[in-house]
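Spelled out from the first residue to the last, the chains are:
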Amino acid sequence: MSVDWDEVWKRDLGNVLSLGPSTRSRQRVMRTLLRRYGRAGGSLLDVGCGTGALLREAESLGRFGALKGVDVSEAALGEARVNCPTARYELTDVCTTPLAERFDLITCMMTLDLVEDERAAAAHLAEMLLEGGHLIVVVQHLGRYRTELDDRYGVRRHDLGSLTALCAPFDLEPVRVFSWGWPLYALYYRAMSDSGAGMVGMPSRRPRLLRIASSLLTAAFAVDDLFTWSGRGRVL
C-alpha cells in the first residue's frame, strides 16, 4: 500500500499526527530514552521526523552536538524547519539509500512499520550508525490490536520476535525491549478507531477544547508507564 504522506500531513487539520495525545505520550517516553542513550555532544538522526517534534524534544535536553531529521514529506519538513530550526533536514526515503553521514544515536519512531521496504530500511539504519551507537525503534505492537487506522495507513504490527528477526541480519542486537500503551492508551486507541475521530483530515471545530483534552489524556496515559513489564502495550 502506497501512502501520499505530503497529502496526509497537509490534511492533518487537527494536528493529530504531531500534537495528539498518542504522539505526545510517545515523545514523553522517548525523552527518557534520549537521556539514557544519547551521548553528550553526540549526533542524533531522527528518521521519519515529521514536523520535528522529537527533534525539538532532543534540542531541549541540551546534550546533542548535532541534530538531523529526514522524511519523505516536504510538507512535514517545512513545518519541522520552523519547529526546530537548529536541526538540519533532508528529504529522503530510508528504503532507497542511506545518508553518507554516521550518527551516535538514530531514532525511528512509527516509521519502520510504515515504509514500503522495511528490510532495506533496517539495513540502511544499521549502516548509518557509528560503531558503539544506538538505534531506538518504535513500532505498532501485536496483530490483535489491528484496527481500521492501521489499514488506512498501511501499518505492519510487530512483536518482539518479528522485530528482532528483522534487525538481526544487520548486526543490530537488542539492548532493551519493552512495550507501552496498556491499559489506558489501548482503550483510547480503540475508541478513536471505532469513532473515526483519530482519522487525519477530520474537522477540528473546537481546537482549544481539543488541546485541553489532549493534555489531559497525555497526563492520564503516564499511568501506562507502570505496566511496561506486561508485554500488552500497543507500542513496542
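Calculation criteria
Residues numbered from 1 in each chain as written. Predicted model: local features only at pLDDT ≥ 70, side-chain atom pairs only at ≥ 80, totals over all residues. Heavy atoms only, no water. Axes fitted to C-alpha atoms, helices over the stretch in contact; angles between N-to-C directions. Helix = DSSP H or I, 4+ residues; strand = E, 2+ residues; numbered from the N terminus. Parallel < 35°, antiparallel > 145°, perpendicular 65-115°, else oblique. Left-handed = near helix turned anticlockwise from the far one by under 90°. Contact = heavy atoms within 4.5 Å. Nonpolar A, V, L, I, M, F, W, Y, C, P; charged D, E, K, R; others polar. Core = buried A, V, L, I, M, F, W, Y, C linked by side-chain atoms within 4.5 Å. Buried < 20%, exposed > 50% of the residue type's maximum accessible area, 1.4 Å probe, protein only. 1 Å grid on protein atoms, 1.4 Å probe; cavity = no way out; pocket = protein on both sides within 12 Å on 5 of 7 lines; lining within 4 Å. Points joined across faces, edges and corners; volume = space filled by probe spheres on them. Pairing = 2+ DSSP bridges. Patch = residues over 30% accessible without salt bridge, like charges linked within 9 Å, V, L, I, M, F, W, Y side chains within 5 Å. Areas by Shrake-Rupley, 256 points an atom, 1.4 Å probe, with all protein chains shown as cover. Salt bridge = Lys/Arg side-chain N within 4 Å of Asp/Glu carboxyl O. Arc of directions from axis to C-beta. Polar contact = N/O pair within 3.5 Å; in protein donor to acceptor, adjacent residues only side chain to side chain.

Colleague: Give a detailed account of the packing of helix α3 (residues 21–37) against helix α4 (residues 53–61), specifying residues and quantitative values.
Modeller: Each pair of packed helices can be summarised by the angle the axes make with each other and by the distance between the axes. Two elements in contact, α3 and α4, have axes separated by 10 Å at closest approach and are oriented at 45 degrees. What the angle tells us is that α3 and α4 run oblique. The crossing of α3 and α4 is right-handed. Residues Gln27, Met30, Arg31, Leu34 and Arg35 of α3 lie in contact with α4, whose contacting residues are Ala53, Leu54, Glu57, Ala58, Ser60 and Leu61. Partitioned by chemical class, the residues of the contact of α3 with α4 number 6 nonpolar, 2 polar and 3 charged.

Colleague: Could you give me a rundown of the nonpolar core, with the residues and numbers involved?
Modeller: Ranked by internal contacts, the top residues of the largest apolar core, which has 30 residues, are Leu34, Leu44, Leu55, Phe64, Leu67 and Tyr89. Looking at this core, the elements with two or more residues in it are α3, α4, β2 (64–71), α5 (74–83), β4 (103–109), β5 (129–138) and α9 (184–195). Top element by residues in this core is α3. It accounts for 5 residues. Other than its neighbours up to four places away in sequence, Leu44 contacts Leu34, Leu55, Ala58, Phe64, Ala66, Leu67, Lys68, Phe103, Leu105 and Thr107. In terms of nonpolar packing, the next biggest core, distinct from the first, is built from 24 residues, Val115, Ala122, Met128 and Leu166 among them.

Colleague: Can you explain empty space enclosed by the protein? Please cite residues and give values.
Modeller: Rolled over the atoms, a probe as big as a water molecule pinpoints where empty space is left. If you walk through the whole model with that rule in mind, you get 1 cavity of 30 Å³ or more. Lining the largest cavity, in full, are Val70, Thr92, Asp93, Val94, Thr97, Pro98, Leu99 and Met128.

Colleague: Please set out the pairing of β4 residue by residue, giving values where relevant.
Modeller: Counted residue by residue, β4 has 7 buried out of 7 residues, so it is predominantly covered. Relative to β4, strand β1 (residues 42–47) is paired through 3 bridges, and the arrangement is parallel. Across the sheet, residue Leu45 finds its bridge partner in β4, namely Ile106. As paired elements, β4 and β5 share 6 bridges and run parallel to each other.

Colleague: Please provide a residue-by-residue account of a nonpolar patch on the surface, values included.
Modeller: A surface patch of nonpolar side chains, amounting to about 370 Å² of accessible area, comprises Leu184, Leu187, Val223 and Leu226. Structurally, the position occupied by Leu226 is in the segment after α10 (207–220).

Colleague: Go over the sheet that holds β2, please, and point to the residues and values.
Modeller: Pairing between sheet strands relies on hydrogen bonds along the backbone, with the strands arranged either parallel or antiparallel. Spatially, β3-β2-β1-β4-β5 is the arrangement adopted by the 5 strands of the open sheet, whose pairing is parallel. Each edge of the open sheet is held by one strand with a lone partner, namely β3 (88–91) and β5. Adjacent strand axes in the sheet meet at a mean angle of 20 degrees, parallel and antiparallel pairs treated alike. As paired elements, β1 and β2 share 6 bridges and run parallel to each other. Counted as the bridge partner of Gly42 is Phe64 from β2. Sheet contacts for α3: β1, β2, β4 and β5; angle to β4, the most-contacted strand, approximately 165 degrees.

Colleague: So what's going on with helix α8 (residues 160–167)? Which residues, and what values?
Modeller: Taken residue by residue, α8 has Leu163, Leu166 and Cys167 as its buried positions. Burial along α8 is one-sided: seen end-on, the buried residues are contained in an arc of 90 degrees. Against the buried residues of α8 lie α6 (118–127) and β5. Among the residues of α8, the N-terminal cap falls to Asp159, whose side-chain oxygen and the backbone nitrogen of Gly161 are separated by 3.1 Å.

Colleague: Pulling in residues and values, what's your account of the pattern of salt bridges?
Modeller: For the structure shown, the criterion picks out 11 salt bridges. One salt bridge in this structure joins Lys68 and Glu101, with 2.5 Å as the shortest N-O distance. Pair noted here: Lys68 is in strand β2 and Glu101 is in the loop between β3 and β4, with a separation of 33 residues, a long-range link. Taking the relative accessible area as the measure of exposure, Glu101 reaches 27% and is therefore partly exposed.

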